[in-house]
Amino acid sequence: MAAQGPKNQLRVGRVLKAHGLKGALKLELYTDDPDGRFVPGASFTLQVPEHSRWHRKTVTVREFRWMNASPVIFFEGVDDRNEAETLVKAILWVDQDDSSPDEPDAWYDHQLIGLDAVRGDEVLGRIARV
């Protein structure tokens with residue numbers, strides 16, 4: 001499950017490095033459905049330092065593929081390695097509705113915040129962050 005970000009968003013990936021010369025980026029995945037999440041046209045809010053020109057911007061997927069078992073993504077407007085390098089270490093967030101996951105015993109991390117941590121009948125504390 002992914003961590004919660006600003007305004008009920010889920011963290012779904014992080015850019016590891018530029019790959020090749022045509023703007024491709026290798027990803028670290030924080031989602032269990034990358035092929036469903038990173039479809040062409042999907043948009044993500046970027047978490048980058050305030051001094052980055054990508055601060056408070058979104059990116060849109062142009063293409064997602066697997067290369068040597070590694071997830072590689074292309075974003076619209078990122079057409080070369082130099083442009084891709086400006087996104088290294090960016091964290092990708094997606095809007096998430098408040099519904100529960102499809103699996104009956106599954107949850108999103110943000111749904112745990114505020115719950116009591118219990119052992120037996122004893123309340124040990126309250127979950128503040130995950």
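Residues numbered from 1 in each chain as written. Predicted model: local features only at pLDDT ≥ 70, side-chain atom pairs only at ≥ 80, totals over all residues. Heavy atoms only, no water.

What follows is about the overall build of the chain. Helices and strands together make up the secondary structure of the chain, namely two helices and eight strands. Secondary structure of the chain in N-to-C order comes out as β-β-α-β-β-β-α-β-β-β. Considering only contacts in the chain between residues 6 or more positions apart, those separated by 24 or more positions represent 52%. (Helix = DSSP H or I, 4+ residues; strand = E, 2+ residues; numbered from the N terminus. Contact = heavy atoms within 4.5 Å.)

Sheet architecture is closed into a barrel: six strands sit in the order β1-β2-β5-β4-β3-β6, paired in antiparallel fashion. When the angles between neighbouring strand axes are averaged without regard to direction, this sheet yields 50 degrees. Relative to strand β2 (residues 24-29), strand β1 (residues 9-19) runs antiparallel, the two being bridged by six bridges. For V15, the partnering residue across the bridge sits in β2 and is L27. (Pairing = 2+ DSSP bridges. Axes fitted to C-alpha atoms, helices over the stretch in contact; angles between N-to-C directions.)

Counted under the stated rule, the structure contains six salt bridges. Between R65 and E63 there is a salt bridge; the shortest N-O distance is 2.7 Å. Residue class for R65 comes out partly exposed when judged on its relative accessible area of 30%. By relative accessible area, which is 31% here, E63 ends up partly exposed. (Salt bridge = Lys/Arg side-chain N within 4 Å of Asp/Glu carboxyl O. Buried < 20%, exposed > 50% of the residue type's maximum accessible area, 1.4 Å probe, protein only.)

Here we take up the pairing of strand β4 (residues 58-67). Pairing between strand β3 (residues 43-47) and β4: three bridges, direction antiparallel. Each bridged residue has a counterpart across the sheet, and for S43 the counterpart in β4 is T60. Looking at chain direction, β4 and strand β5 (residues 70-75) are connected through six bridges and run antiparallel. Looking at β5, one finds that R65 is bridged to V72. From the end of β4 to the start of β5, which pair antiparallel, there are two residues, and N68 there has a positive phi angle of about 50 degrees.

For the structure shown, the criterion picks out three aromatic pairs. Judged by centre distance (5.4 Å) and plane angle (25 degrees), the ring pair of F38 and F64 falls under stacked. Remark: F64 occurs in strand β4 and F38 occurs in the loop between α1 (34-37) and β3; sequence separation between them is 26 residues. For the pair shown, F38 and F64 are each scored as buried. Centre to centre, the rings of F64 and W66 are 5.6 Å apart; their planes meet at 80 degrees, and the pair counts as edge-to-face. Judged by relative accessible area, which is 40%, W66 ranks as partly exposed. By way of ring pairs, the aromatic residues F38, F44, F64 and W66 are connected into one cluster. Above the ring of Y30, the side-chain terminus of R11 is found at 4.3 Å from the ring centroid. (Phe/Tyr/Trp six-rings, centres within 6.5 Å; stacked < 30°, edge-to-face > 60°. Lys NZ or Arg CZ within 6 Å of the ring centre and 35° of its normal.)

Spatial relationships are all this shows, so hold off on functional conclusions.
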